[in-house]
Amino acid sequence: MSKVLLEAQDLSKHFPIRAGILKREVGRVHAVNHVNFELFEGETLGVVGESGCGKSTLGRTLVRLYEPTTGTIHFDGKDLTQADKFDLKKMRRDIQMIFQDPYASLNPRMSVGKILEEPLALHDIGTPKERQERVQQLLDRVGLPQDAIWRYPHEFSGGQRQRIGIARAIALNPKIIICDEAVSALDVSIQAQVLNLLVELQKELGLTYIFISHDLAVVRYISDRVAVMYLGEIVEMASSEDLYATPRHPYTQALLSALPVPDPTKRGTTKILAGDVPSPSNPPPGCAFHTRCPHKTDACMQDNPALKAFTNSSQHFVACHHAETLNQDN
Amino acid sequence: MAQEVLLNVENLVVSFDTDRGKITPVNGVSFQVKRGKTLAIVGESGCGKSVTSLSIMGLIPGANGKIEGGAIEYDGQDLLKFSGTQMRKLRGDKIAMIFQEPMTALNPVYTIGNQIMEVYKLHREMSKKEAFDHALAMLEKVKIPDPKQRMREYPHQLSGGMRQRVMIAMSLACNPDVLIADEPTTALDVTIQAQVLDLMKDLQTDLGTSVIFITHDLGVVAEVADDVVVMYAGDIIERGTVFDIFKDPKHPYTQGLLDSLPKSSDTKNEELQAIKGMVPSLFDLPQGCRFKDRCALAEEACGESSPELEKFSDTHEAACFVTSRNNAA
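About the cut-offs
- Residues numbered from 1 in each chain as written.
- Chains lettered and ligands numbered in written order.
- Predicted model: local features only at pLDDT ≥ 70, side-chain atom pairs only at ≥ 80, totals over all residues.
- Helix = DSSP H or I, 4+ residues; strand = E, 2+ residues; numbered from the N terminus.
- Rg over C-alpha atoms; globule rule 2.2 N^0.38 Å.
- Buried ≥ 20, exposed ≤ 12 C-beta atoms within 10 Å, placed from the backbone.
- Core = buried A, V, L, I, M, F, W, Y, C linked by C-beta atoms within 7 Å.
- Contact = placed C-beta atoms within 7 Å.
- Axes fitted to C-alpha atoms, helices over the stretch in contact; angles between N-to-C directions.
- Parallel < 35°, antiparallel > 145°, perpendicular 65-115°, else oblique.
- Left-handed = near helix turned anticlockwise from the far one by under 90°.
- Nonpolar A, V, L, I, M, F, W, Y, C, P; charged D, E, K, R; others polar.
- Pairing = 2+ DSSP bridges.

1. A look at the overall build of chain A
Each helix and strand counted, chain A has 11 helices and 12 strands in total. Taken against the 2.2 N^0.38 rule, which gives 20 Å for 330 residues, the C-alpha radius of gyration of chain A at 21 Å falls within 12% of a compact globule. Referenced to the eigenvectors of the C-alpha coordinate spread, the extents of chain A come out at roughly 65 × 60 × 45 Å. Relative to its 330 residues, chain A shows a buried fraction of 45%.

2. Remarks on the nonpolar core
Within the largest apolar cluster, 184 residues are counted, with the highest numbers of intra-cluster contacts made by L195 of chain A together with A169, I212 and V221 of chain B. Look past the residues within four positions of A169 of chain B in its chain and what remains in contact with it is I116, M138, L139, K141 and V142 of chain B.

3. Some points on helix 1 (residues 49–56) of chain B
Every α-helical turn comprises 3.6 residues, leaving residues that sit three or four positions apart pointing alike. Residue and element names in this part refer to chain B. Within helix 1, seven of the eight residues are buried, which leaves it mostly tucked inside the rest of the structure. Listed in full, the buried residues belonging to helix 1 are K49, S50, V51, T52, S53, S55 and I56. At the exit of helix 1 stands G58, carrying a positive phi of roughly 70 degrees.

4. Comments concerning the packing of helix 6 (residues 188–205) of chain A against helix 11 (residues 252–260) of chain B
Helix-helix packing is characterised by the crossing angle of the two axes and by the distance between the axes. The interhelical angle for the contact between helix 6 of chain A and helix 11 of chain B, taken along N-to-C directions, is 50 degrees, at an axis separation of 8 Å. For the element pair helix 6 of chain A / helix 11 of chain B, the angle class is oblique. Helix 11 of chain B is crossed by helix 6 of chain A, and the crossing has left-handed handedness. Facing V188, S189, Q191 and A192 of chain A of helix 6 of chain A, the residues of helix 11 of chain B in contact are G256, L257 and S260 of chain B. In the contact of helix 6 of chain A with helix 11 of chain B, the residues fall into three nonpolar, four polar and no charged.

5. Quick notes on the sheet that holds strand 2 (residues 21–34) of chain B
Strand pairing in a sheet relies on backbone hydrogen bonds. The paired strands run either parallel or antiparallel. All names here are of chain B. Strand order in the open sheet formed by four strands is 2-1-4-5, with antiparallel pairing between adjacent strands. Each having just a single partner strand, strand 2 and strand 5 (77–78) make up the two edges of the open sheet. Along the sheet face, helix 1 touches strand 1 (5–18), strand 2 and strand 4 (65–74) and points at about 70 degrees away from the line of strand 2.

6. Structural notes on the pairing of strand 7 (residues 176–180) of chain A
All names here are of chain A. Burial within strand 7 is extensive, with five of its five residues counted as buried. On strand 7, burial covers both faces: I176, I178 and D180 on one face and I177 and C179 on the other are all buried. In this sheet, strand 7 lies alongside strand 6 (residues 95–98) in parallel orientation, the contact comprising four bridges. In the sheet register, I95 faces strand 7, and the bridge partner there is I176. The sheet contact formed by strand 7 and strand 8 (residues 208–213) spans five bridges and is parallel.

7. Looking at the interface of chain B and chain A
Across the contact, 36 residues belong to chain B and 35 residues belong to chain A. Within the residue set of the side of chain B that touches chain A, elements represented by two or more residues are helix 8 (190–207), helix 9 (218–224), helix 10 (242–247) and helix 11 of chain B. Among the elements that take part in the side of chain B that touches chain A, helix 8 of chain B stands out by supplying six residues, more than any other. Residue composition of the side of chain B that touches chain A, grouped by class: 16 nonpolar, 12 polar and eight charged.

8. Comments concerning the pairing of strand 10 (residues 235–241) of chain B
Residues and elements named next belong to chain B. In terms of residue burial, strand 10 counts as a mostly covered element, since six of its seven residues are buried. Direction of pairing for strand 9 (residues 227–232) relative to strand 10: antiparallel, over a ladder of six bridges. Across the sheet, Y232 pairs through a bridge with D235, a residue of strand 10. Hairpin connection from strand 9 to strand 10: two residues lie between these consecutive antiparallel strands, with A233 at a positive phi of about 45 degrees. Relative to strand 12 (residues 317–318), strand 10 is paired through two bridges, and the arrangement is antiparallel. Bridge pairing in strand 12 links R239 to E317.

9. Considerations on the sheet that holds strand 6 of chain A
Taken in spatial order, the eight strands of this open sheet run 6-7-8-3-9-10-12-11 (chain A), and their pairing is mixed. At either margin of the open sheet sits one strand with a lone partner, and together these are strand 6 and strand 11 (308–309) of chain A.

10. Describing unusual backbone geometry
Residue and element names in this part refer to chain A. Residues other than glycine seldom take positive phi values, yet D10 does so here, at roughly 55 degrees. Within the secondary structure layout, D10 lies in strand 1 (residues 4–19). Among the residues examined, D10 registers 12 C-beta atoms within 10 Å and is labelled exposed. In this structure, D76 is a non-glycine residue whose phi angle is positive, near 60 degrees. Mapped onto the elements of the fold, D76 is located in the loop between strand 4 (70–75) and strand 5 (78–79).

Structure below.
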């Protein structure tokens, strides 16, 4: 087993809801709620879930774009939640992000050359000439033409812009890249190109990815392990293979079953989950999923189940009171 | 088995005048919608699928858009010859549409009830009371919990899935013959998407509506479609039954699209079969076949003239020189 690169313990992020002229706190959005996980060197950890499940907030909290409400994040022997400005700057060299909408995350008034040079300049790396060479090398690596240096983001298509975002993320030779819906806005033919590029870069540079997406098929493809989130909590975590072959949590089961498969002979096999996701500002008591769960009992309405290892498995974790009884026949 | 053709689109050409010159996002498109069936139009951004549907609704903006040619036959009449008033009567009554983002399609300052009642008042000349009862019944039909309460609420008070149900209720209010659904589930989460697709299917069986389902999601196509049309850069490049398209795709683009999707057996040790390059700009289309620059099979002939749709079976057609020749051999 490779070494643990990053570890989140009891990590939560709550956003206050303020109202009135005094802006008093009247409630809290529980975006991420007591999440624990380890990230191993060289792996891809997929994080899936529907809108509002907290997957993007989790990604942003890990790099302290949001200040965590509780918990610790250990990276490289340090607790990032306690890190000061200098430590943070150093940490951000090692942990980079790629966002969903490359147009919103690239400054439209900077040329691509400037965009790619900026992280190098900020961290005082090399002379201007060396930085120029590095930029050329980066463009080449992500499959963009050299004349891109002089051009601006609007001159590129969505797929090319995402390549610029990737080039910027790898500019500082990071250890971890957090990809937040990195291929979701792209057409399928382009999505496949960008996924291939991400996998190549991972092998070449020994990168570790946290791959956040709502697209189950993409997450299965790229991830070694997958965490499923629901209403701010991880409800199931296992190797990609195990999770998709034998999902143990009723939510994961429903989610996988709802995924339309590009095969007309498999029509009508969907198990349909009733209802909507509850509001994270007013999460239900007990298990967060019990309002939609077909197997709920009284216990589910009172106690929130902890994420624990599923029978005899050290790698498959599930947070459900009835995981064992529900999955007896598998 | 002959099926009744409800809507016949014949050689439709739509152009737009822009600052950078004229473009033709729909370039001679023909297809038929059968009664009670679902036709899916698939393609990536900019392939012309949405412009095609707006033409059927008579919603191409007059300022710079123009329908250059072709015919849209419905019920023995050519919709392209209809006046504005005639089209207004038809829209929402015989042909209705739902859009990707219900929040922008619903009016934020009117209640849900008001907006559904408007359809009845306009097309059925009902009184307020009658319209209210019908609207309420429609909300029940689309399985919105607590419909009486919802009638008095505004769009922002509903979740995305509920809003899309309201859109469906509104579009089916007059029991239209044709429902055009433009990416109706794209903005929804998978579990909600499954609910909405299921609902649409139930209502379709119930009411016998024909559906034109526009989407880029091949998984959804496999789930809902009877017939499929694949578009690329303004052309139809392949069409057939849903089984023709998924089991035996003929056009290299259709094959490429299907191969691009990560399958359950794929792991990241195997590279995905991506289509190289990107969709050509409508301002600068290549000569001949519009797919040739991205095509692995392209040869010289592909650059000289554009291929026409050729029959592979009674239901299956594709526009590719190379596949046609290989098939003949």
